[in-house]
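# Report on the structure
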Amino acid sequence: IYPTLVELAGFEAPKGLEGFSLVPLLKDKAAPWKNASFSQYPRGLPKGHKADEHGDHAMGYSVRTAEWRYTEWVYFHNKTLTHDWSRNFGTELYDHRGDNGTSFSAYENQNLVSQPELKSVIAQMQALLHAGPQAQLERVRAFHGTEASAVV
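Predicted, not measured: the structure shown is a model, and the values here were computed from it.

### Digging into the overall build of the chain
Each helix and strand in the chain was counted, giving 5 helices and 4 strands. Counted from the first residue to the last, the chain has its helices and strands arranged as α-α-β-β-β-β-α-α-α. Expressed as a percentage of its 152 residues, the buried residues of the chain come to 32%. Put simply, 42% of the contacts in the chain that link residues at least 6 apart link residues at least 24 apart. A total of about 9800 Å² of accessible surface is found on the chain, and carbon and sulfur atoms cover 54% of it.

### Here's the deal with the sheet that holds strand E1 (residues 37-43)
With respect to topology, 4 strands assemble into an open sheet ordered E1-E2-E3-E4, the strand pairing being antiparallel. Where the open sheet ends on each side, the last strands, each with one partner, are E1 and strand E4 (82-95). Going from strand to strand, the sheet's axes swing by 20 degrees on average, the running direction of each strand aside. One ladder, built from 10 bridges, connects strand E3 (residues 68-77) with E4; its direction is antiparallel. Residue pairing in the sheet places phenylalanine 76 in a bridge with histidine 83 of E4.

### Side note on the side chain of threonine 71
Along the polypeptide, threonine 71 turns up in strand E3. For threonine 71, a relative accessible area of 1% translates into the label buried. Within the structure, the side chain of threonine 71 is placed 2.4 Å from the side chain of arginine 69, a separation counted as a polar contact. Those residues in contact with threonine 71 that lie beyond four places of it in its chain are Gly60, Tyr61, Ser62, Gly90, Thr91 and Glu92.

### Some thoughts on helix H4 (residues 119-131)
Compared with an ideal rise of 1.5 Å per residue, which puts 13 residues at 18 Å, H4 spans 18 Å between its outermost C-alpha atoms and is within 8% of the ideal. Among all positions in H4, only Val121, Ile122, Met125 and Leu129 are buried. Looking straight down H4, one finds its buried side chains confined to an arc of 95 degrees; they lie on one side. In H4, the exposed positions angled more than 90 degrees off the buried face are occupied by Lys119 and Gln124. Directly after H4, the chain includes glycine 132, whose backbone phi takes a positive value near 80 degrees.

### Considering the side chain of histidine 96
Tracing the backbone through its elements, the reader meets histidine 96 in the loop between E4 and helix H3 (104-107). Engagement of the side chain of histidine 96 in a polar contact is seen with the side chain of arginine 64, the distance being 3.0 Å.

### Examining the pattern of salt bridges
What the rule picks out here adds up to 4 salt bridges. Close ionic contact of glutamate 108 with arginine 69 constitutes a salt bridge, the shortest N to O distance being 2.5 Å. With glutamate 108 in the loop between H3 and H4 and arginine 69 in strand E3, the pair connects residues that are 39 residues apart, well separated along the chain. Taken individually, glutamate 108 and arginine 69 each receive the classification buried, so the pair is uniform in this respect. In this structure, the salt-bridge partner of aspartate 95 is arginine 97, at a minimum N-O distance of 2.6 Å. Arginine 97 sits in the partly exposed class, given a relative accessible area of 45%. Three or more residues joined by partner-sharing salt bridges are found here, namely Arg69, Glu92 and Glu108.

What counts as what
- Residues numbered from 1 in each chain as written.
- Predicted model: local features only at pLDDT ≥ 70, side-chain atom pairs only at ≥ 80, totals over all residues.
- Heavy atoms only, no water.
- Helix = DSSP H or I, 4+ residues; strand = E, 2+ residues; numbered from the N terminus.
- Buried < 20%, exposed > 50% of the residue type's maximum accessible area, 1.4 Å probe, protein only.
- Contact = heavy atoms within 4.5 Å.
- Areas by Shrake-Rupley, 256 points an atom, 1.4 Å probe, with all protein chains shown as cover.
- Pairing = 2+ DSSP bridges.
- Axes fitted to C-alpha atoms, helices over the stretch in contact; angles between N-to-C directions.
- Polar contact = N/O pair within 3.5 Å; in protein donor to acceptor, adjacent residues only side chain to side chain.
- Expected span 1.5 Å × (residues − 1).
- Arc of directions from axis to C-beta.
- Salt bridge = Lys/Arg side-chain N within 4 Å of Asp/Glu carboxyl O.

Shape descriptors only; they carry no functional weight alone.
Following this line, the structure appears as structure tokens:
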């Protein structure tokens, strides 16, 4: 938010400021920007999986686009604070096409990950998730024409 406030106030951004101003989006909703958001949520390991002395657990990593939410529940190492994509405990895919933001429950009730006709959507969403939020910065950097660092 700070880069946006700096620009709106007409000040020069301090050197080394992390983040990008959202002013271009305020001026033009169609401006090229991130096309996905990311989140993660911890939970205990599934039944039958034993945590080691570090208390490792499952971590849900999600990516949300305008049309889909895709989640993978994977093993998370507490000691190294890293995840292991190869140890997947579950996958979810929800269709948000037509979602105007007024009814979360209307779009999050049916996990569609087992639908064979959505195989290509699943592959695209998985690639987006595994690329991570840093990949989204390239769209923003291209728009701003900068190599500035940014908080995702």
